Every structure is written in C-alpha cells, then in structure tokens.
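Observations on the three-dimensional arrangement
Here are the chains, one letter per residue:
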Amino acid sequence: MPRPRPPHPSHPPNPGPAPSRAPDRGRRPAGTTRRRFPELPVVAVLLLLHACLLGWGIARNSVTFDENFHLASGVAAVTRGDFWISVVNPPLVKECMALAALAAGAQPPPDSALVARDQFIAGEAFMRANAAHYHRVFAAARCVTAALSIALAVLIWRFTRRRYGVPAGVFALALYSLIPDVLAHGGLATLDIATTLLLFAGIVAYLRFARSGAWRDLLWLALVVAAAFATRFSAWLLLLVLAGLTVPAIALRAAPRPGRLVAGVVLLLPVALLALHLAYGGHGHWRPLAQDRFDSASFRRLEARWPHLVLPLPEVYLAGLDHQALESQGIVPTYVFGRATLDPVPWYPWLAIAVKWPLALWGAFVAALVAWLSTRRRVDPAGRRERRFETLALLALPVALIATLMFAVRLNVGVRYLLPALPPLIVLTAGTLLPPGNVPRRRLAIAIAIAGLALAETAFTAPWYLAFFNAIGGGPGNGDHIVNDSNADLGQGLIALREDLARLGVRRVYLAYHGSTDPAVYGIDYIPYLGGMPGSGSDWLAVSSYYFVGLNQRMMTQRGRTPFVQLDFHELADRPPAARPARCMYLFRIR
C-alpha cells in the first residue's frame with residue numbers, strides 16, 4: 001500500500017475549520033508575555049516605609065502630654081493592680097504598653113504617689129523614677145502602638161483587596177501608610193491608633209458575620225468587641241453602629257440568616273460587659289447611683305431621676321465615664337482662629353480635618369466622587385443592591401463619629417478623635433476609584449499621582465507629624481493659630497529644642513513648655529518663664545505653641561507643676577523666631 005506523500009512546502013496542509021472564539025482585543029505582540037503586578041513586593045515596601053516613618057517619629061519626638069499618664073496608669077495596673085490612675089478609658093492597651101516598658105527597665109511609681117488617685121501626681125512620680133532612661137522606656141511602649149498601626153495597615157490592604165481587587169488594595173495601603181496624623185499617633189504611647197484598629201476591625205467582622213451567619217464569624221466579632229470595650233469608652237459607639245446596621249442588613253437582604261444576625265448582635269452586650277469586668281480584674285462593686293458621687297451634670301441628672309438604678313459596670317469604669325462626661329460638657333476650651341471659647345463650636349471637626357488632613361487624601365476623595373458619578377449608572381441593579389449595604393456599613397462609623405463630635409461631645413482638642421473614620425473612608429475611596437476588573441489606565445495614573453503627592457507631603461513634614469498642616473492651613477507648623485492643642489503641640493519638641501540650643505551655642509534658656517515632662521529630664525538647662533520681663537539668666541526664650549497662641553495650662557518644672565499659666569506674647573507675634581523646634585515651639589533671642 002503506497003505511503004501518503006508529504007505535502008509540498010508551497011501547499012501547507014488544510015488545518016480544517018478554526019474554532020470560533022471572541023476576538024482578542026487585548027492581544028499582545030508575538031514574543032511578549034503578560035507581566036503581573038508585583039503586589040507583594042510593593043506591599044512589603046509600603047509596610048516597611050510605614051514602619052520606618054513610625055520609628056523615626058518614635059526616636060525624634062519627646063514624650064507628649066498624655067503619654068505620661070497612660071503609661072504610668074498601665075504600669076500601676078500591671079504591678080500594683082491599681083486601676084484608679086487615669087480612670088479615663090479601660091486598661092487593656094495601657095497594660096500592653098506597660099509590659100513593653102517594664103521589659104525595657106521601667107520602674108513603677110512609688111506607692112505613695114498612687115494614694116491620691118491623681119494621674120498628674122502618679123505621672124510625675126513615674127517620670128522622676130525613670131529619669132535616667134526616660135525616653136527608652138517610652139520608646140518601648142510606643143513600639144506597641146506602632147505594631148498596632150502596622151496591623152491596621154495590613155487589615156486595610158487585605159479587606160480592600162478582597163472586596164475590590166489588587167490595585168485598590170495597594171492604593172488603600174499607600175494612603176493609610178502616608179497620612180501624617182496616622183504617623184503622629186502611631187508613634188505615641190496613647191490609645192488613638194488602638195481605637196482606630198478595633199473599631200474598623202469591628203465593622204469588618206460584622207460584615208463577614210452578616211454575610212455568612214456562621215458562629216465562627218460571630219466569635220471573631222465578639223472578640224473584637226470585647227477588646228474594644230477593654231480599650232476605649234468609644235466602643236459604645238461601635239455597638240450602637242452595629243445595632244443600627246442590623247435593620248438595613250435585613251431590609252436589603254444582605255444577611256442570609258437574619259435571625260442569627262439579630263441574636264448575635266444582642267449577645268454582644270453581655271460580651272462587652274463581661275470584657276469590662278475581666279479588664280478590671282473583677283474589682284469594684286455594683287451599687288445604686290445615689291451611693292456614688294458624680295461630678296458631671298449628665299450623671300447627676302441620671303442620679304436625680306433614678307437614684308436606685310444599679311449599672312452593671314465596674315466602679316472604676318463608671319468613675320471614668322463620669323470624668324469623660326465632665327470634660328465633654330464644655331469645661332475644656334475650643335481654640336479656633338486665634339481665640340479660645342467655651343461656647344459650642346459644632347463646625348470644629350470640619351475645620352480641623354480641612355486643614356489637618358493632607359491634600360492627597362482630599363484629592364483621593366474628590367477623584368473617587370467623580371469616578372462614582374461617572375459610573376454609577378452602568379452598574380446593574382443587582383450589583384448595586386449587593387454593594388449598597390457594604391457602603392452603608394463603611395460610612396456608618398465616620399458619620400456617627402462626626403455627628404457625636406458636632407452635637408454630643410464638646411471636647412474639641414484635636415482631629416485625632418476622627419482617626420477611626422479614616423480606614424472605612426480609605427477603603428471606599430480606593431474601591432470606587434479603582435473598582436474590580438479592568439481598571440482604566442487614566443484612573444491608575446490618578447492613583448499613582450495621589451500616592452506621590454501623599455509621599456511628598458509626608459516627606460516635607462517628617463518626623464514632626466503632629467505639627468502637620470496642609471497647604472490650606474499654611475503648611476507644617478504654620479496652622480497653629482487656626483487650631484491648636486493636640487493638632488499642633490502636645491509637648492513633642494524637647495529633643496529638637498535641645499539640638500537647636502546646642503547648634504546656637506545656648507547654655508540656658510527661659511522656657512514656657514506645654515507638657516507633662518520636666519525638660520531637665522532631656523538635658524535642657526532652663527528657667528521656667530511664667531510671664532513678665534525675663535531677667536538676666538538668659539538672652540533666649542523658648543515658647544511652646546500652645547502658650548504662644550494664648551492657651552492656658554499648668555506648667556511642669558523642676559519643682560513640680562505650677563498653677564494655671566496664661567501668657568501674652570503679642571509683642572513677639574510679628575518677630576521671626578531664631579528656630580522652630582519640631583515646628584511646635586518658638587525660639588527667640590530676646591537680647
């Protein structure tokens with residue numbers, strides 16, 4: 001049988017009918033391969049950059065006003081079981097910071113300093129006991145907060161990535177990692193970053209439980225809520241938000257098991273109360289309100305109306321709530337546009353974020369809004385219904401925070417109270433600007449430009465993140481006459497002042513310092529300036545921004561705290577300073 005002849009080169013074999021397929025519009029030229037975005041290396045670089053920026057701030061910023069109280073309180077709780085030092089806010093995170101400080105060699109305050117149950121007395125005693133290694137002790141405690149900030153960055157990235165894709169996840173991580181206020185409070189031994197992490201984690205855990213209805217997800221939600229209640233009073237706001245979200249979750253059919261969702265949210269209240277009693281070691285006793293002594297008007301009204309009411313709260317926790325209510329009823333002045341007032345200023349949060357949040361973040365908000373307006377009609381109704389509840393859940397916490405600060409709490413001392421609003425806003429912004437699927441190159445370019453602007457703003461202010469103001473507010477250190485207090489000056493400038501004095505050859509300085517630390521602990525030879533004409537002790541005067549704008553406070557000196565001091569520096573207002581230590585102080589040569 002003859003073998004088939006091979007086809008002639010000029011007549012290739014007929015391959016038969018080609019299978020039908022959609023035209024490949026994104027086809028690449030021959031010899032090229034599709035390159036995948038190097039997500040993990042970029043994420044690692046952003047996390048490392050965030051950690052390095054936090055570390056820089058930890059090393060360069062002196063101990064701030066509130067840190068002394070938080071750490072002394074945590075150390076007293078760990079070593080003495082005493083929870084009455086700084087009763088404002090529960091002890092969980094303060095104890096974690098105390099363990100790090102004790103591992104670094106911290107000495108607890110003496111028992112005699114705890115008898116008065118005064119955070120200023122205990123804080124000063126703790127400072128004196130640890131003067132030889134003061135900054136090292138606080139650096140160890142600050143590392144706990146830095147670790148929590150890195151954990152929050154990872155949570156933002158993973159949640160955004162899972163819901164909106166890789167580009168949105170990386171963009172959200174970049175935004176969070178480069179916000180100056182995040183870097184400022186992420187490097188302090190305070191509770192703001194811990195609160196931000198736990199409140200956002202509560203929203204994330206709730207969304208997961210609402211979708212699945214699984215008991216395992218309810219357990220995670222309960223653990224997050226328990227940790228939040230053991231850390232900050234504002235956990236009650238989280239519980240109210242979650243309860244309020246349950247109604248639209250059922251109405252929008254976002255919860256496949258509505259009965260289990262309702263039962264889970266109801267169970268969160270006893271979980272929160274149990275967490276509080278465990279956090280305080282079971283100390284305290286329940287008693288009728290009439291047997292307690294309250295300072296705030298709100299608790300006094302509650303006592304007058306229901307004198308026999310017994311609240312199932314630890315005694316120390318109830319005292320802390322009373323103190324917080326006292327501060328929130330208008331005894332702390334609000335500083336705006338060069339004057340301090342005790343009158344309500346409901347628009348203060350909007351003013352603070354307008355000048356304190358970076359322009360890159362505002363640019364991201366605007367870009368996301370434009371993107372949403374241009375694409376919202378293209379989303380199918382089913383997809384729109386699916387995303388509606390998640391958007392509502394992410395917006396609920398920022399709206400509740402701003403409403404609380406505007407109408408319920410008159411404690412306008414810093415934009416840091418709005419930090420928990422940032423993670424959900426960042427997630428929504430990234431997911432709207434860079435939605436799932438094929439992201440247009442123009443939007444990618446906008447996101448890259450915004451990230452570049454964020455990096456530039458942070459680089460321009462580092463490591464003095466607390467004194468950051470955007471260009472609308474005058475730039476870093478220049479908005480302290482618009483808003484002040486923890487927006488500009490928390491006493492973080494002693495290290496920078498010491499270096500500026502050494503650079504200028506100044507051995508001794510008159511000093512009006514706003515903080516809870518004795519500047520001598522940082523090696524500064526100073527004479528406390530309490531007003532009037534400076535004497536012949538020095539030709540130099542250093543003033544904290546807090547005092548420079550006219551606010552009053554007690555001043556820490558070598559001999560303890562002074563009475564309240566209010567100083568007048570109007571004669572120096574138009575005089576350029578010789579230096580601006582940490583952008584939160586003014587250094588003048590007066591002779």
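Refer to the structure presented above.
Residues numbered from 1 in each chain as written. Predicted model: local features only at pLDDT ≥ 70, side-chain atom pairs only at ≥ 80, totals over all residues. Heavy atoms only, no water.

Some details on the overall build of the protein
Along its length, the protein carries 20 helices and eight strands. By its C-alpha atoms, the protein is 120 × 65 × 45 Å across when sized along the principal axes. In the protein, which comprises 591 residues, the proportion classed as buried is 53%. For the protein, long-range pairs separated by at least 24 residues make up 75% of all intrachain contacts whose partners lie at least 6 apart in sequence. (Helix = DSSP H or I, 4+ residues; strand = E, 2+ residues; numbered from the N terminus. Buried < 20%, exposed > 50% of the residue type's maximum accessible area, 1.4 Å probe, protein only. Contact = heavy atoms within 4.5 Å.)

Describing the packing of helix α6 (residues 166-177) against helix α18 (residues 441-461)
Running from N to C, α6 and α18 cross one another at 20°; their axes reach a closest spacing of 10 Å. Between α6 and α18, the angle falls in the class roughly parallel. Pair α6 / α18 crosses with left-handed handedness. Side by side, α6 and α18 meet where Pro167, Phe171, Ala174 and Leu175 of the first sit next to Leu444, Ala447, Ile450 and Ala451 of the second. (Axes fitted to C-alpha atoms, helices over the stretch in contact; angles between N-to-C directions. Parallel < 35°, antiparallel > 145°, perpendicular 65-115°, else oblique. Left-handed = near helix turned anticlockwise from the far one by under 90°.)

Here we look at the pattern of salt bridges
On inspection of all chains with the given rule, the structure shows 18 salt bridges. Notably, a salt bridge pairs Glu124 with Arg128, separated by 3.3 Å at the nearest N-O pair. Taken together, the residues Glu124 and Arg128, both in helix α4 (residues 119-129) and four residues apart, mark about one turn of the helix. Among the ionic contacts, a cluster of salt bridges with common partners joins Asp66, Asp192, Arg232 and Arg416. (Salt bridge = Lys/Arg side-chain N within 4 Å of Asp/Glu carboxyl O.)

Digging into the pairing of strand β8 (residues 585-589)
Among the five residues that make up β8, four are buried, leaving the element largely enclosed by the rest of the structure. Across five bridges, strand β5 (residues 540-544) lies against β8 in antiparallel orientation. By the bridge assignment for β8, Val543 is matched with Tyr586. (Pairing = 2+ DSSP bridges.)

Structural notes on the sheet that holds β8
Pairing is mixed in the open sheet, where four strands are placed in the order β4-β3-β5-β8. Two strands close off the open sheet at either side, each with one partner strand: β4 (526-528) and β8. Strand-to-strand twist in this sheet, taken as the mean axis angle between neighbours without regard to direction, amounts to 25°. Here strand β3 (residues 509-512) pairs with β5 via three bridges, running parallel. Bridge pairing links Tyr510 to Leu541 in β5. Its contacts with the sheet put helix α19 (residues 494-504) on β3, β5 and β8, and the angle it makes with β8 is roughly 20°.

A word on the pairing of strand β7 (residues 560-565)
Bridge count for strand β6 (residues 553-557) against β7 is four bridges, and the pairing is antiparallel. Counterpart to Gln553 in the pairing with β7 is Val565. Linking β6 back to β7 in an antiparallel pair, the connection comprises two residues.

Some remarks on unusual backbone geometry
For the bond from Ala462 to Pro463, the omega torsion is 0°, close enough to zero to count as cis. Within the secondary structure, Pro463 is located in the loop between α18 and α19. The backbone of Asn89 shows a phi angle near 80°, a positive value even though the residue is not glycine. Relative to the helices and strands, Asn89 is located in the loop between α2 (67-80) and α3 (92-103). Phi is positive for Arg117, which is not a glycine, with a value near 55°. As for its position among the elements, Arg117 is in the loop between α3 and α4.

Notes on the packing of aromatic side chains
The way to describe two aromatic rings as a pair is by their centre distance and the angle between their planes. Under the definition given, this model contains 21 aromatic pairs. A ring pair is formed by Phe548 and Tyr586, whose centres lie 4.2 Å apart and whose planes are at 20°; its orientation type is stacked. Linking Phe548 in helix α20 (residues 545-548) with Tyr586 in strand β8, this pair joins segments that are 38 residues apart in sequence. One aromatic cluster is present, formed by Tyr529, Phe548, Phe569, Tyr586 and Phe588 through successive ring pairs. Positioned above the aromatic ring of Phe120, the side-chain terminus of Arg561 is 3.6 Å from the ring centre. Across the ring face of Tyr586, the terminal group of Arg580 is positioned such that the distance to the ring centre comes to 4.0 Å. (Phe/Tyr/Trp six-rings, centres within 6.5 Å; stacked < 30°, edge-to-face > 60°. Lys NZ or Arg CZ within 6 Å of the ring centre and 35° of its normal.)

Digging into a nonpolar patch on the surface
On the surface, Leu219, Trp220 and Leu223 cluster together to form a nonpolar patch covering roughly 350 Å² of accessible area. Tracing the backbone shows Leu219 in helix α9 (residues 215-229). Judged by its relative accessible area of 51%, Leu219 falls in the exposed class. (Patch = residues over 30% accessible without salt bridge, like charges linked within 9 Å, V, L, I, M, F, W, Y side chains within 5 Å. Areas by Shrake-Rupley, 256 points an atom, 1.4 Å probe, with all protein chains shown as cover.)

Here's the deal with the packing of helix α10 (residues 235-251) against helix α11 (residues 258-279)
Each pair of packed helices can be described by the angle between their axes along with the distance between the axes. Interaxial distance between α10 and α11 falls to 10 Å at its minimum, and their mutual angle equals 170°. Put simply, α10 runs roughly antiparallel to α11. Residues Trp236, Leu239, Leu242, Ala243, Thr246, Ala249 and Ile250 of α10 form the contact with α11, whose own contacting residues are Pro258, Leu261, Val262, Val265, Leu268, Leu269 and Leu273. The class makeup of the residues in the contact of α10 with α11 is 13 nonpolar, one polar and no charged. (Nonpolar A, V, L, I, M, F, W, Y, C, P; charged D, E, K, R; others polar.)

Focus on the side chain of Glu39
With respect to the helices, strands and loops of the structure, Glu39 is situated in helix α1 (residues 39-60). Exposure remark for Glu39: the relative accessible area of 9% places this residue in the buried category. Engagement of the side chain of Glu39 in a polar contact is seen with the side chain of Arg161, the distance being 2.5 Å. Once you skip the residues sitting within four places of it in the chain, Glu39 turns out to touch Trp157, Arg161, Val166 and Val170. (Polar contact = N/O pair within 3.5 Å; in protein donor to acceptor, adjacent residues only side chain to side chain.)

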